[in-house]
Amino acid sequence: MIERIFTGSRFKVLIDEIYSLFEEENKNEAHQCGLLHDKESIIRNLGHESLLEWDVFVWANKNEEGKYDAMIIFTNDKNVKFNKFIFSEFVWLSKNPKVGYELLKTAVAYARERGFEYISISSVEKTEKSERNERFYKKLGFLKDTTTYISKL
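Quick caveat, the model's predicted, so the values are computed rather than measured.

## Observations concerning the sheet that holds strand β4 (residues 84-94)
In space, the five strands of this open sheet follow the order β1-β2-β3-β4-β5, with mixed pairing throughout. Lying at the two open borders of the sheet, with one neighbouring strand each, are β1 (2-5) and β5 (118-120). Strand-to-strand twist in this sheet, taken as the mean axis angle between neighbours without regard to direction, amounts to 25 degrees. Sheet topology note: the strand β3 (residues 68-79)/β4 ladder contains 10 bridges and is antiparallel. Among the inter-strand pairings, asparagine 79 is bridged to a residue of β4, identified as lysine 84.

Next up, the structure:
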């Protein structure tokens, strides 16, 4: 069952459950330079009720056992470079592709209702699913816009 997450306490439970499911992927399919998602930082910085209402949009799926098995998070990117509000994907994790796609559809419908003009989605390069993800995004009408390079100092 897909639900929107509005409270800090529910957000913490979601992040705890999801990150235990994706612990190996976080280690083995990490971003370049070995960057890992920091669960505690995400909870601490995004889990406030006012953010979850206005600027951090979270949907999650609970499975039959009552545990979260998929989530999608978008942020309200008040982009000063383009002077636009961009609905920007922060993280999208799912152990069930059908549920994952339903999460995206739910988020896109919400963005349209809220009047966002643009949506952005990123894909990690250091994963076996990168090419598949890129084909999927193109099929949905996304255009590749930016390539980011990162280096450890």
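Structure shown, so let's carry the discussion forward.
## Quick look at the nonpolar core
Among the nonpolar cores identified, the biggest contains 19 residues, and Phe11 and Met71 are the most heavily contacted of them. Secondary-structure elements contributing two or more residues to this core are α1 (8-21), α3 (39-46), β2 (56-62), β3 and β4. The element that contributes the greatest number of residues to this core is α1, accounting for five residues. When near neighbours in sequence (up to four residues on either side) are disregarded, methionine 71 contacts Leu14, Ile15, Ile18, Tyr19, Trp59, Ala60, Val91, Trp92, Leu93 and Leu103. Counting residues in each nonpolar core, the second largest holds 18 residues, with Phe87, Leu103, Tyr110 and Tyr137 among its members.

## Thoughts on the side chain of aspartate 69
One can find aspartate 69 in strand β3. Apart from the residues within four sequence positions on either side, aspartate 69 is in contact with Ile18, Leu21, Asn61, Asn63, Ser94 and Lys95.

## Describing the environment of histidine 37
As for its position among the elements, histidine 37 is in the loop between α2 (23-28) and α3. Expressed as a C-alpha distance, the spacing of histidine 37 and glutamate 23, which sit 14 residues apart in the sequence, is 9.6 Å. Within the structure, the side chain of histidine 37 is placed 3.1 Å from the side chain of tyrosine 19, a separation counted as a polar contact.

## A short note on the packing of aromatic side chains
Summed over the entire model, instances satisfying the criterion amount to 11 aromatic pairs. Measuring from ring centre to ring centre gives 4.3 Å for phenylalanine 74 and phenylalanine 87, while their planes differ by 5 degrees; the resulting arrangement is stacked. Note that phenylalanine 74 is positioned in strand β3 and phenylalanine 87 in strand β4, a separation of 13 residues in sequence. Just as phenylalanine 74 is buried, phenylalanine 87 falls in that class too. Ring centres of tryptophan 92 and phenylalanine 136 lie 6.4 Å apart, and the angle between their planes is 45 degrees; this geometry places the pair in the tilted category. Remark: phenylalanine 136 occurs in helix α6 (residues 130-139) and tryptophan 92 occurs in strand β4; sequence separation between them is 44 residues. Given the relative accessible area of 19%, tryptophan 92 is considered buried. Judged by its relative accessible area of 28%, phenylalanine 136 is partly exposed. Among the aromatic side chains, those forming a connected cluster through ring pairs are Phe57, Trp59, Phe74, Phe87, Tyr110 and Phe116.

Conventions we followed
Residues numbered from 1 in each chain as written. Predicted model: local features only at pLDDT ≥ 70, side-chain atom pairs only at ≥ 80, totals over all residues. Heavy atoms only, no water. Pairing = 2+ DSSP bridges. Helix = DSSP H or I, 4+ residues; strand = E, 2+ residues; numbered from the N terminus. Axes fitted to C-alpha atoms, helices over the stretch in contact; angles between N-to-C directions. Core = buried A, V, L, I, M, F, W, Y, C linked by side-chain atoms within 4.5 Å. Buried < 20%, exposed > 50% of the residue type's maximum accessible area, 1.4 Å probe, protein only. Contact = heavy atoms within 4.5 Å. Polar contact = N/O pair within 3.5 Å; in protein donor to acceptor, adjacent residues only side chain to side chain. Phe/Tyr/Trp six-rings, centres within 6.5 Å; stacked < 30°, edge-to-face > 60°.

By themselves, these observations are geometric and do not establish any function.
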